Amino acid sequence: MDEGEHAPNGTDPGDTDESPTTDSETVSPSSTDNQSPRDPPIDQTTPDDLDMTPSNPGDSHSTDSRPGDSPPTDSTEPEPPTDETSDSADTTASEEAVAAQSRDRSSPGVDLDGVVFDDDDDNQGLFDDLLAGEPIFENKEVLRPSYTPHELPHRTDQINRMATILVSALRGETPSNILIYGKTGTGKTASAKFVSQELESTSKKYDVPCEVEYINCEVTDTQYRVLAQLANTFIEKNQAVIDGRLGRLRELASTADDDPSALESSAFTSLEELTETIERLEADAEEMEPVPMTGWPTDRVYTTFFDAVDYHERVVVIMLDEIDKLVEKSGDDTLYNLSRMNSELDNSRISIMGISNDLKFTDFLDPRVKSSLGEEEIVFPPYDANQLRDILQHRADISFKTDALTDDVIPLCAAFAAQEHGDARRALDLLRTAGELAERSQAEIVAESHVRQAQDKIELDRVVEVVRTLPTQSKIVLFAVILLEKNGVHNINTGEVFNIYKRLCEEIDADVLTQRRVTDLISELDMLGIVNAVVVSKGRYGRTKEMGLSVPIEETEAVLLSDSRLGNIENAQPFVQARFDN
Ligand code: ADP
Ligand code: MG
């Protein structure tokens, strides 16, 4: 193949820093009051399409260890090691049996000093209490984002549309490219994975060469990485195919060596021809060099992928999840290159399914890419509270013990998450966190109060994350607001913030921005929900912003001080005093 023929446009030298996905699962028992001011309306009506069929939890059960299910067996006394040399050579069998029976920890010749045998329970019971309570969860994994549900209520339409488009792949035709849109937590990834599993298993059933490749572009976020991942996957697949063929051909060759008639029923007319094929396959396998994580020119990576995918006949569906992150980070070169491959592939065909949280991301695409990618579009609307309830009920049935939830738990989780743009992920997080909080407090049952605590905890985690990732300048501004509040200042105005901000900047040797920029930063903090600012008119003195903190002060301050730069501020009190001096 001519390398230049389908060289991709744009090159980006791949970088290697795979950003680790952090998963904060820890639950800190944040004691918060039970009455949240943000009470969502709870709609008590039961939707008539509530399908309570417990879905098959499948393999995920195996990953869960449930200490309560299998109480630890009393530790049996370990058999003391026998000391063979202490036995005289002429010991008879029966003597040995008696000896074995009477062997105890005082057996001569066995040094048991320092070995503790716990005939009586001699631990301090650190875990006993925790194990004793009947655990609330049957299988907590089912509530985690990594779990792929086998049933997706309220996504039948979207799943059917995907299937209708992708079925061409099973007929050996190229399916239209698909773009899927929807906010986070609307079931896009879960539905796409479900469809891809079905597609692959059906293709195996009918023995048609159809493969699905799923790529999460939040992790694999450069053209180099996407192409390298694809190339390496197909190289691996090709090598498996080649290995299989080679195994069969080598066997045939050795049979034919003894008995040439063995070739009669094969496609080979002579042993030489067979040997040639074997050698060619060996050379093919040799030639398929995996792409390194970094270092190759992008067009070489592209060519490697091209050759690998085109090695034999197949239809490949490439699912690019979080495709907006890829475009945002590295532009649309990858999509451009992928979308024009079909005109050059000889044996295989590819179809792209892009999944985006951002409804407007196609605005940034080259018009050709846009029209090619969006041949079919499927929208995932937000769930309403009733739909969220169904989803939660399905999952609760397999994740919690029977009767572990009071009746209002699921409706409340659903109502909170419906407020959060109908996010099923949020709903499931709430339910899981509520269960964990109940478990921690050794409650027998998850109640409404646990859901409220869970809501506060998740909200706090969000704030902590937002504050932690603020730019330094915004952190200094926020810290100024906190210092003022801590000193009992209400209706803090921009000038006051700016004063403290300036002094803080001097203290830590940071650039001092203009008051105007600081006002902008305050607006940003306002939009993030960290401060609450209102513009007030001061009559002939013009207008100013008055603000207050809208997040818990202690936690926010702790996050700010954990920043190495702000952590250097030793004693902030004098700055605040300065406000009154000025
Ligand atoms: P998205 O990709 O749109 O952000 P996900 O597919 O990751 O959303 O869904 C978020 C969480 O909600 C996942 O744990 C998923 O299993 C669950 N979920 C979403 N929709 C459904 C549904 N219809 N039925 C069951 N679970 C769902
Ligand atoms: Mg997703």
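In the block above lies the structure referred to throughout.
Residue numbers restart at each chain and count upward from 1, following the sequence in its written direction. By the order in which they are written, chains take letters starting at A while ligands take numbers starting at 1. For this predicted model, a pLDDT threshold of at least 70 governs which residues receive local features, and a threshold of 80 or more governs which side-chain atom pairs are given and counted, while totals over whole chains, interfaces and linings are taken from all residues. As a convention, hydrogens and water are excluded, and side-chain values are obtained from all of the structure's heavy atoms.

**Q** Got a minute to help me understand the overall build of the chain in this structure?
**A** A helix here means a DSSP run of H or I that spans at least four residues, while a strand means a run of E at least two residues long, and both kinds are numbered starting from the N terminus. Of the regular secondary structure elements, the chain holds 19 helices and 8 strands. By the burial criterion, 42% of the 582 residues in the chain qualify as buried. Two residues form a contact once any of their heavy atoms are found within 4.5 Å. Here the contacts in the chain between residues at least 6 apart in sequence split such that 77% fall between residues at least 24 apart. The Shrake-Rupley method, run with a 1.4 Å probe sphere, supplies the accessible areas, and residue values consider only the shown protein chains as cover. As displayed, the chain has an accessible area near 31,000 Å², and 48% of this comes from carbon and sulfur atoms. Using a 1.4 Å probe on the protein chains alone, a residue whose accessible area is under 20% of its type maximum counts as buried, one over 50% counts as exposed, and one in between counts as partly exposed.

**Q** Got a minute to help me understand the sheet that holds strand E1 (residues 178-182) in this structure?
**A** Strand pairs in the sheet, formed through backbone hydrogen bonds, run parallel or antiparallel to each other. One open sheet holds the 5 strands; their spatial order is E2-E3-E4-E1-E5, and the pairing between them is parallel. The outermost strands of the open sheet, each flanked by one partner alone, are strand E2 (210-216) and strand E5 (376-380). Taking each pair of neighbouring strands and ignoring which way they run, the sheet shows an average axis angle of 15°. DSSP bridges decide pairing: two strands pair if at least two such bridges lie between them. Taken together, the 5 bridges between E1 and E5 define a ladder with parallel strand orientation. Residue pairing in the sheet places Ile180 in a bridge with Ile378 of E5. Strands E1, E2, strand E3 (314-321), strand E4 (348-356) and E5 of the sheet are contacted by helix H4 (residues 188-205), whose axis makes an angle of about 155° with E2. Think of each axis as a best-fit line through the C-alpha atoms, taken over the contacting stretch in the case of a helix, with angles from 0 to 180 degrees between the N-to-C directions. Lying on the sheet, helix H8 (residues 323-330) is in contact with E3 and E4; it crosses E4 at an angle near 90°.

**Q** Looking at this structure, how should I read the sheet that holds strand E6 (residues 492-493)?
**A** If you walk across this open sheet you meet the 3 strands as E6-E8-E7, and the pairing is antiparallel. The strands lining the two open edges of the sheet, one partner per strand, are E6 and strand E7 (531-537). Along the sheet, helix H15 (residues 472-486) makes contact with E6, E7 and strand E8 (543-549), crossing E8 at roughly 75°.

**Q** Just checking my understanding: could you explain the packing of helix H3 (residues 156-170) against H4 for this structure?
**A** Helix-helix packing is characterised by the crossing angle of the two axes and by the distance between the axes. The interhelical angle for the contact between H3 and H4, taken along N-to-C directions, is 30°, at an axis separation of 10 Å. In terms of crossing hand, the pair formed by H3 and H4 is right-handed. Contacts between H3 and H4 involve Ile159, Met162, Leu166 and Leu170 on the former and, on the latter, Ser191, Ala192, Phe194, Val195, Leu199, Thr202 and Ser203. Classification used: nonpolar for Ala, Val, Leu, Ile, Met, Phe, Trp, Tyr, Cys and Pro, charged for Asp, Glu, Lys and Arg, polar for all others including Gly. Class assignment of the residues belonging to the contact of H3 with H4 gives a composition of 8 nonpolar, 3 polar and no charged. It is the rotation of the near helix from the far one that decides the hand of a crossing: anticlockwise by less than a right angle makes it left-handed, clockwise makes it right-handed.

**Q** Would you mind going over the packing of aromatic side chains with me for this structure?
**A** Any aromatic ring pair is given by two values, namely how distant the centres are and how the planes are angled relative to each other. Stacked, edge-to-face and tilted labels apply to pairs of Phe, Tyr and Trp rings (six-membered ring for Trp) whose centres lie within 6.5 Å, assigned for plane angles under 30 degrees, over 60, and everything in between, in that order. Scanning the model with the defined rule gives 4 aromatic pairs in all. Relative to Phe400, the ring of Phe137 has its centre 4.8 Å away and its plane inclined at 25°; by these criteria the two rings are stacked. Remark: Phe400 occurs in the loop between helix H11 (385-399) and helix H12 (409-419) and Phe137 occurs in the loop between helix H2 (128-132) and H3; sequence separation between them is 263 residues. Like Phe400, Phe137 is buried. For Lys193, the ring lying beneath its charged end belongs to Tyr214, and the centroid distance is 4.4 Å. The rule for a charge over a ring is simple: NZ of Lys or CZ of Arg within 6 Å of the ring centre, and within 35 degrees of the ring normal. Lying across the ring of Trp296, Arg300 places its NZ or CZ 3.5 Å from the centre.

**Q** Please explain the site of ligand 1 as it appears in this structure.
**A** By convention in these notes, a residue is near a molecule or strand provided one of its non-hydrogen atoms lies within 4 Å of it. Taken together, 21 residues lie around ligand 1, and Pro153, Gly185, Lys188, Thr189 and Tyr383 are the ones closest in. N or O atoms closer than or at 3.5 Å make up a polar contact, with two conditions inside protein: a donor-capable atom paired with an acceptor-capable one, and, for residues adjacent in sequence, both atoms drawn from side chains. In the model, a nitrogen atom of ligand 1 is placed 3.0 Å from a nitrogen or oxygen of the Arg395 side chain. Protein burial of ligand 1: of its 550 Å² of free accessible surface, 96% is covered by the chains. Elements that contribute at least two residues to the shell around ligand 1 include exactly H4, H11 and helix H13 (424-440). In the shell around ligand 1, the residues fall into 10 nonpolar, 5 polar and 6 charged.

**Q** Is there a simple way to explain the pattern of salt bridges in this structure?
**A** A side chain of one charge can pair with a side chain of the opposite charge when the charged atoms of the two come close. Any carboxyl oxygen of Asp or Glu within 4 Å of a side-chain nitrogen of Lys or Arg constitutes a salt bridge here. The full count for this structure, using the stated rule, is 26 salt bridges. As a salt-bridge pair, Arg432 and Asp429 come within 3.5 Å of each other at their nearest N and O atoms. Here Asp429 and Arg432 lie together in helix H13, a separation of 3 residues that amounts to about one turn. You can call Arg432 buried: its relative accessible area is 6%. Its relative accessible area of 21% is what places Asp429 among the partly exposed residues. For Glu557, the salt bridge is made with Lys486, and the minimal N-O distance between the two is 2.8 Å. Of this pair, Glu557 sits in helix H18 (residues 553-561) while Lys486 sits in helix H15, placing them 71 residues apart in sequence. On the basis of relative accessible area, Lys486 is assigned to the partly exposed category, the value being 46%. It is possible to trace a salt-bridge network through shared partners that takes in Lys140, Asp429, Arg432, Glu436 and Glu439.

**Q** Please clarify how the side chain of Asp324 should be interpreted in this entry.
**A** The residue Asp324 is located in helix H8 in this model. Of the side chains with opposite charge, Lys325 lies nearest to the buried Asp324, which makes no salt bridge, at 4.8 Å. Not counting chain neighbours up to four residues away, the residues in contact with Asp324 comprise Ile355, Ser356, Asn357, Asp358 and Phe361. This count recognises Lys and Arg as positive and Asp and Glu as negative, with His and chain-terminal groups excluded.

**Q** Just to check I follow, could you spell out the nonpolar core for this structure?
**A** One broad rule of soluble globular proteins: the nonpolar side chains tend to lie buried together. Here, nonpolar core refers to any group of buried Ala, Val, Leu, Ile, Met, Phe, Trp, Tyr and Cys residues whose side-chain atoms link them within 4.5 Å. In terms of nonpolar packing, the biggest core is built from 50 residues, with Phe305, Leu320, Leu338 and Met341 touching the most fellow members. Broken down by element, this core gets its largest block of residues, 14 residues, from helix H5 (residues 223-258). Excluding residues within four positions of it along the chain, Leu338 makes contact with Leu227, Leu230, Phe305, Ile318, Leu320, Ile350 and Ile352. In this structure, Ile482, Ile492, Val518 and Val531 belong to the second largest nonpolar core, which totals 37 residues.

**Q** It is not clear to me how the packing of H5 against helix H6 (residues 271-287) should be interpreted in this structure. Could you clarify?
**A** Taken N-terminus to C-terminus, the directions of H5 and H6 make an angle of 155°; their axes are 10 Å apart at the nearest point. Taken together, H5 and H6 sit at an angle that is classed as roughly antiparallel. For H5 against H6, the interelement crossing comes out left-handed. The segment H5 lies against H6, with Gln239, Ile242, Arg245, Leu246, Leu249, Arg250, Leu252, Ala253, Ala256 and Asp257 engaging Leu271, Leu274, Thr277, Ile278, Leu281, Glu282, Asp284 and Ala285. Taken together, the residues that form the contact of H5 with H6 break down as 11 nonpolar, 2 polar and 5 charged. Angular relationships are summarised with four words: roughly parallel below 35 degrees, roughly antiparallel beyond 145, roughly perpendicular across 65 to 115, and oblique for the angles in between.

**Q** What should I look at first to understand H18 in this one?
**A** An α-helix turns once every 3.6 residues. As a result, residues three or four positions apart point the same way. Within H18, the full set of buried residues consists of Thr556, Glu557, Val559 and Leu560. Taken end-on, H18 shows its buried residues confined to a sector of 160°, consistent with a single buried face. The inward-facing, buried residues of H18 abut helix H14 (448-468) and H15. The arc in question is formed by the directions pointing from the helix axis toward the C-beta atoms.

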